[in-house]
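Chains, contacts and geometry: an overview
So the chains spell out like this:
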Amino acid sequence: AVRITNLPSSQLVSRQLASTRMVACASPQYLALHGTPAHPDELARHEVISYSYFAARDEWSFIAPDNSSVTVRTHARIHANNGDTCRAAALDHQGVILQPDFIVADDLRRGALVELLPNYRAMTLGIHAVYPSRKHLPIKTRRLVDFLVEAFAVPGWNASR
(Lines give C-alpha, C1' and ligand atoms only; values in the text may rest on other atoms or scores of the structure.)
Protein backbone atom coordinates (compact mmCIF):
# COMPACT_ATOMS: atom_id res chain seq x y z
CA ALA A 1 0.00 0.00 0.00
CA VAL A 2 0.99 3.62 -0.29
CA ARG A 3 0.21 5.62 2.87
CA ILE A 4 0.38 9.37 3.36
CA THR A 5 0.94 9.90 7.07
CA ASN A 6 3.51 10.18 9.79
CA LEU A 7 3.73 6.47 10.40
CA PRO A 8 3.50 5.27 13.95
CA SER A 9 5.68 2.30 14.74
CA SER A 10 3.96 -0.79 13.47
CA GLN A 11 4.60 -4.30 12.31
CA LEU A 12 4.61 -3.15 8.71
CA VAL A 13 7.81 -2.51 6.79
CA SER A 14 7.87 0.94 5.26
CA ARG A 15 9.98 2.85 2.79
CA GLN A 16 9.58 6.60 2.57
CA LEU A 17 9.08 7.69 -1.02
CA ALA A 18 8.67 11.45 -0.55
CA SER A 19 7.10 13.99 1.72
CA THR A 20 4.23 16.40 1.25
CA ARG A 21 3.55 19.70 2.96
CA MET A 22 0.02 20.51 4.07
CA VAL A 23 -1.14 23.87 2.70
CA ALA A 24 -4.01 26.07 3.89
CA CYS A 25 -5.56 27.80 0.89
CA ALA A 26 -8.69 29.29 -0.60
CA SER A 27 -9.81 30.87 -3.85
CA PRO A 28 -9.21 34.57 -4.47
CA GLN A 29 -12.99 35.05 -4.83
CA TYR A 30 -13.65 33.48 -1.41
CA LEU A 31 -10.96 35.68 0.15
CA ALA A 32 -12.39 38.81 -1.50
CA LEU A 33 -15.73 38.11 0.22
CA HIS A 34 -14.49 36.83 3.58
CA GLY A 35 -11.06 38.41 4.04
CA THR A 36 -7.62 36.84 4.23
CA PRO A 37 -6.61 35.50 7.63
CA ALA A 38 -3.35 36.91 9.02
CA HIS A 39 -3.13 34.47 11.96
CA PRO A 40 -4.27 30.84 12.30
CA ASP A 41 -6.76 31.81 15.05
CA GLU A 42 -8.73 33.71 12.40
CA LEU A 43 -9.49 30.42 10.62
CA ALA A 44 -12.07 29.71 13.36
CA ARG A 45 -14.26 32.42 11.76
CA HIS A 46 -13.91 31.12 8.20
CA GLU A 47 -15.88 28.57 6.22
CA VAL A 48 -13.77 25.39 6.16
CA ILE A 49 -13.90 22.34 3.94
CA SER A 50 -12.63 19.56 6.17
CA TYR A 51 -11.01 16.28 5.15
CA SER A 52 -12.85 13.74 7.30
CA TYR A 53 -9.96 11.22 7.46
CA PHE A 54 -7.54 13.84 8.81
CA ALA A 55 -6.40 12.47 12.19
CA ALA A 56 -6.71 15.86 13.92
CA ARG A 57 -10.19 16.31 12.40
CA ASP A 58 -11.08 19.99 12.67
CA GLU A 59 -8.09 21.09 14.77
CA TRP A 60 -5.43 22.53 12.51
CA SER A 61 -1.92 23.05 13.86
CA PHE A 62 0.78 25.37 12.59
CA ILE A 63 4.32 26.31 13.57
CA ALA A 64 4.64 30.08 14.00
CA PRO A 65 7.65 32.08 12.79
CA ASP A 66 9.05 31.97 16.37
CA ASN A 67 8.75 28.11 16.32
CA SER A 68 5.86 28.08 18.78
CA SER A 69 2.87 25.88 18.04
CA VAL A 70 -0.54 27.32 17.20
CA THR A 71 -3.64 25.12 17.07
CA VAL A 72 -7.04 26.37 15.99
CA ARG A 73 -10.38 24.61 16.15
CA THR A 74 -12.06 25.17 12.80
CA HIS A 75 -15.75 24.86 12.06
CA ALA A 76 -16.36 22.80 8.96
CA ARG A 77 -19.09 23.80 6.57
CA ILE A 78 -18.39 20.64 4.54
CA HIS A 79 -16.79 17.32 5.50
CA ALA A 80 -15.42 15.25 2.62
CA ASN A 81 -13.57 11.94 2.61
CA ASN A 82 -11.61 12.80 -0.52
CA GLY A 83 -8.93 15.48 -0.98
CA ASP A 84 -9.96 16.13 -4.58
CA THR A 85 -13.50 16.86 -3.36
CA CYS A 86 -12.12 19.34 -0.82
CA ARG A 87 -10.09 20.95 -3.61
CA ALA A 88 -13.12 21.18 -5.91
CA ALA A 89 -15.16 22.89 -3.19
CA ALA A 90 -12.35 25.40 -2.60
CA LEU A 91 -12.12 26.07 -6.34
CA ASP A 92 -15.89 26.69 -6.22
CA HIS A 93 -15.25 29.43 -3.61
CA GLN A 94 -16.84 27.46 -0.75
CA GLY A 95 -14.10 27.98 1.84
CA VAL A 96 -10.64 27.23 3.18
CA ILE A 97 -8.94 23.86 2.83
CA LEU A 98 -5.86 22.25 4.36
CA GLN A 99 -4.58 19.79 1.77
CA PRO A 100 -1.29 18.21 0.69
CA ASP A 101 0.75 20.27 -1.75
CA PHE A 102 0.53 17.53 -4.39
CA ILE A 103 -3.23 18.15 -4.59
CA VAL A 104 -3.13 21.97 -4.72
CA ALA A 105 0.28 22.81 -6.25
CA ASP A 106 -0.99 23.39 -9.80
CA ASP A 107 -3.88 25.53 -8.54
CA LEU A 108 -1.48 27.63 -6.46
CA ARG A 109 0.86 28.08 -9.44
CA ARG A 110 -1.91 29.31 -11.70
CA GLY A 111 -3.55 31.51 -9.03
CA ALA A 112 -6.83 29.57 -8.77
CA LEU A 113 -6.02 29.05 -5.07
CA VAL A 114 -4.01 31.29 -2.76
CA GLU A 115 -1.81 29.95 0.03
CA LEU A 116 -2.86 31.34 3.39
CA LEU A 117 -0.59 32.08 6.33
CA PRO A 118 2.68 31.55 4.43
CA ASN A 119 4.71 32.44 7.54
CA TYR A 120 3.06 29.60 9.46
CA ARG A 121 3.99 26.01 8.60
CA ALA A 122 1.40 23.25 8.70
CA MET A 123 2.56 19.68 9.11
CA THR A 124 4.63 17.72 6.63
CA LEU A 125 3.58 14.13 6.01
CA GLY A 126 5.59 11.25 4.66
CA ILE A 127 4.51 9.28 1.62
CA HIS A 128 5.41 5.65 2.30
CA ALA A 129 5.26 2.31 0.58
CA VAL A 130 4.22 -0.20 3.24
CA TYR A 131 4.19 -3.96 3.11
CA PRO A 132 3.95 -6.78 5.65
CA SER A 133 7.44 -8.25 5.61
CA ARG A 134 10.84 -8.22 3.94
CA LYS A 135 10.87 -12.00 4.09
CA HIS A 136 9.63 -13.68 0.94
CA LEU A 137 8.81 -10.33 -0.66
CA PRO A 138 7.44 -11.05 -4.12
CA ILE A 139 9.70 -9.73 -6.88
CA LYS A 140 6.73 -7.77 -8.31
CA THR A 141 6.39 -5.93 -5.00
CA ARG A 142 10.14 -5.26 -4.79
CA ARG A 143 10.15 -3.87 -8.33
CA LEU A 144 7.10 -1.72 -7.64
CA VAL A 145 8.73 -0.24 -4.53
CA ASP A 146 11.97 0.39 -6.44
CA PHE A 147 9.99 2.05 -9.25
CA LEU A 148 8.12 4.26 -6.76
CA VAL A 149 11.37 5.29 -5.05
CA GLU A 150 12.76 6.39 -8.41
CA ALA A 151 9.51 8.05 -9.54
CA PHE A 152 9.24 10.06 -6.32
CA ALA A 153 12.92 11.06 -6.22
CA VAL A 154 11.97 14.57 -7.45
CA PRO A 155 8.20 14.97 -6.96
CA GLY A 156 6.64 17.12 -9.68
CA TRP A 157 4.49 19.03 -7.22
CA ASN A 158 7.65 20.42 -5.56
CA ALA A 159 8.60 22.34 -8.70
CA SER A 160 9.06 26.02 -7.95
CA ARG A 161 5.95 28.12 -8.10
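Overview of the structure.

Parameters and conventions
- Residues numbered from 1 in each chain as written.
- Predicted model: local features only at pLDDT ≥ 70, side-chain atom pairs only at ≥ 80, totals over all residues.
- Heavy atoms only, no water.
- Helix = DSSP H or I, 4+ residues; strand = E, 2+ residues; numbered from the N terminus.
- Buried < 20%, exposed > 50% of the residue type's maximum accessible area, 1.4 Å probe, protein only.
- Contact = heavy atoms within 4.5 Å.
- Axes fitted to C-alpha atoms, helices over the stretch in contact; angles between N-to-C directions.
- Parallel < 35°, antiparallel > 145°, perpendicular 65-115°, else oblique.
- Nonpolar A, V, L, I, M, F, W, Y, C, P; charged D, E, K, R; others polar.
- Salt bridge = Lys/Arg side-chain N within 4 Å of Asp/Glu carboxyl O.

A separate point is the environment of alanine 112. Take alanine 112: it is sitting in the loop between helix 3 (101–110) and strand 8 (114–115). Since its relative accessible area comes to 18%, alanine 112 is described here as buried. Considering only alpha carbons, one finds alanine 112 and isoleucine 139, 27 residues apart in sequence, at a separation of 43 Å. Ignoring sequence-local partners within four residues, the contact set of alanine 112 consists of Ser27, Pro28, Leu91 and Asp107.

As a further point, take the environment of alanine 129. Mapped onto the elements, alanine 129 comes out in strand 9 (residues 124–131). Excluding anything up to four places from it in sequence, alanine 129 contacts Ala1, Val13, Ser14, Arg15, Leu17 and Val145.

Bringing the packing of helix 2 (residues 83–91) against helix 3 into the picture now. Where helix 2 meets helix 3, the axes come as close as 10 Å, and the angle between the chain directions of the two elements is 20 degrees. Relative to helix 3, the element helix 2 is oriented roughly parallel. Within the contact between the two elements, helix 2 uses Gly83, Asp84, Arg87 and Leu91 and helix 3 uses Ile103, Asp107 and Arg110. Looking at the contact of helix 2 with helix 3 residue by residue, the classes come out as 2 nonpolar, 1 polar and 4 charged.

With that settled, consider the pattern of salt bridges. Tallied over the full model, the rule gives 6 salt bridges. Between arginine 21 and glutamate 115 there is a salt bridge, and its shortest N-O distance comes to 3.0 Å. Here arginine 21, found in strand 2 (residues 13–26), pairs with glutamate 115, found in strand 8; they are 94 residues apart in sequence, far enough to count as distant. Take glutamate 115: its relative accessible area is 23%, and that puts it in the partly exposed class. In this structure, aspartate 107 engages arginine 110 in a salt bridge whose closest nitrogen and oxygen atoms are separated by 2.7 Å. Taken together, the residues aspartate 107 and arginine 110, both in helix 3 and 3 residues apart, mark about one turn of the helix. The exposure class of aspartate 107 is buried, given its relative accessible area of 2%. Each of the salt bridges in this network shares a partner with another, and the network as a whole consists of Arg87, Asp107 and Arg110.

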